[in-house]
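# Structural overview
Here's the letter readout for the chains.
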Amino acid sequence: MPPSKVLPLYLLAGLFAPLGVIAPKALAPLLLAAALWQWGLRWRDWRDGRWRRPFQGASAVMAGLIVAWTLLSGLWAVDGMAALTTCAKLAGVLLATLILLDGLKRLEAADNGPLRQTLIWSFAVALLILAFETVSDAAGHNWLVWQGRSQDFDLTVLNRAGIVLLLALWPTALVLWRQGRRPWALGAVLAALAVVMSGVSSSNQIAAVLGLTGVLLAWFLGPRLPRALALVVAVGVLAAPVLPSSWLAPQRLAPHFDKTQYSALHRLNIWHFTARRISDKPIMGWGLDAARRIPGGDTKLAGGGNLMSMHPHNASLQIWLELGAVGGLLAAILLVGLWLRVAALAGRASRAAATGLLLSG
């Protein structure tokens, strides 16, 4: 395959991890830029008579259904214009993803060794950057990113960077493993986990432990694990509105938290409030992007913070809140499809890496 055909994928592989740990919100423009570039190459194929339909299969169908429902939810959303804007962003991300996945499929029969090396080196750079920022209390961010502001930022500013590193870890480890560089693959895993566990994000630390546990179990259990996780995740998404008022009720768990753990208790109160609002409109939801505008969300809690400031801090609950049971069902189907795709992967290493990636996500 000519090098020009894979340049957008080199752009994504080379910049995803380093850019993600420096400025995570820049990943969306990077994704869109790479997709537009890839689409331009496809346009040239069409012009030269080599066009083929790029969007096929269940992924394209699911993306279409999700966009259609989010667009329709703008009719009853709390803020219709905000819903349309968010829908356009979501559609852009999904379309860009489909375009780039199509580009990757065209690489399956080609020699993409240089692309793999690009992925490895970009991960190494990201790992070094995040390790430095972690041990230096975000010195780089405070000097460069936030220069000119009077406020100093602590390690929480690196939370998103830790997420990006975890997402880049398992594909990189898989590439190293397939190349026969297994000590390097294990070293990459241990180094990334050490950096993430040195951070302050409990969510990232849980994701790291879950990802590693999933990799080890998938290695020995084979396709049975992702198939079981498909069921677990589907039940979790569909049962999400019930849990905050039962097993995770803040009144039930409050005696188990002390003053230093108020952040976790605050999260439970947010989830409980979200579940109550879901019960008001359980089928259709409040409309896309309604979470930040939900009635009662600005109510102050006795311990500090609002019942909801921007979002529920839980993807399943936010989908239910904004898109109702229809959105929850679409999310469950999408996740089941992803897990079944992992189960269908050939090779123990591929299934293990994909399980770690998806569990961390």
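Everything numeric in this text was worked out from a predicted model, so none of it was measured. (Residues numbered from 1 in each chain as written. Predicted model: local features only at pLDDT ≥ 70, side-chain atom pairs only at ≥ 80, totals over all residues. Heavy atoms only, no water.)

### Brief notes about the side chain of Asn306
As for its placement among the helices and strands, Asn306 is situated in the loop between α12 (262–280) and α13 (315–343). Since its relative accessible area comes to 14%, Asn306 is described here as buried. Dropping the residues within four chain positions of it, Asn306 is found in contact with His266, Ile270, Gly297, Asp298, Thr299, Lys300 and Leu301. (Helix = DSSP H or I, 4+ residues; strand = E, 2+ residues; numbered from the N terminus. Buried < 20%, exposed > 50% of the residue type's maximum accessible area, 1.4 Å probe, protein only. Contact = heavy atoms within 4.5 Å.)

### Some words on the pattern of salt bridges
Inspection of every chain in the model, using the stated rule, returns four salt bridges. The salt bridge partner of Asp280 is Arg277, with a shortest N-O separation of 2.8 Å. Residue Asp280 and its partner Arg277 are located together in helix α12, separated by three residues, close to a single helical turn. On the basis of relative accessible area, Asp280 is assigned to the partly exposed category, the value being 42%. The exposure class assigned to Arg277 is buried, which follows from its relative accessible area of 17%. Residue Arg293 pairs with Asp289 through a salt bridge whose shortest N-O separation is 2.8 Å. One salt-bridge network, in which partners are shared between bridges, spans Asp79, Asp289, Arg292 and Arg293. (Salt bridge = Lys/Arg side-chain N within 4 Å of Asp/Glu carboxyl O.)

### Details of the packing of helix α5 (residues 113–135) against helix α7 (residues 159–178)
The contact between α5 and α7 brings their axes to 9 Å, and the two run at 145 degrees. Between α5 and α7 lies a crossing whose hand is left-handed. Judged by residue contacts, Arg116, Leu119, Ile120, Phe123, Ala126, Leu127 and Leu130 of α5 engage Ala161, Gly162, Leu165, Ala168, Leu169, Pro171, Thr172, Val175 and Leu176 from α7. When its residues are assigned to classes, the contact of α5 with α7 shows 13 nonpolar, two polar and one charged. (Axes fitted to C-alpha atoms, helices over the stretch in contact; angles between N-to-C directions. Left-handed = near helix turned anticlockwise from the far one by under 90°. Nonpolar A, V, L, I, M, F, W, Y, C, P; charged D, E, K, R; others polar.)

### A closer look at the nonpolar core
Phe123, Leu165 and Leu169 are the most contacted members of the largest nonpolar core, which totals 40 residues. Breaking this core down by element, the ones donating at least two residues are α1 (7–22), α5, α7, α8 (182–197), α9 (202–221), α10 (224–239), α13 and α14 (348–360). When residues of this core are assigned to their parent elements, the largest contribution, 10 residues, is made by α7. Residues in contact with Leu165, not counting those within four places in the same chain, are Phe123, Ala126, Leu127, Leu130, Ala192, Val195 and Val196. Core analysis: the second largest hydrophobic core is formed by 23 residues, Ala240, Leu268, Trp271 and Leu301 among them. (Core = buried A, V, L, I, M, F, W, Y, C linked by side-chain atoms within 4.5 Å.)

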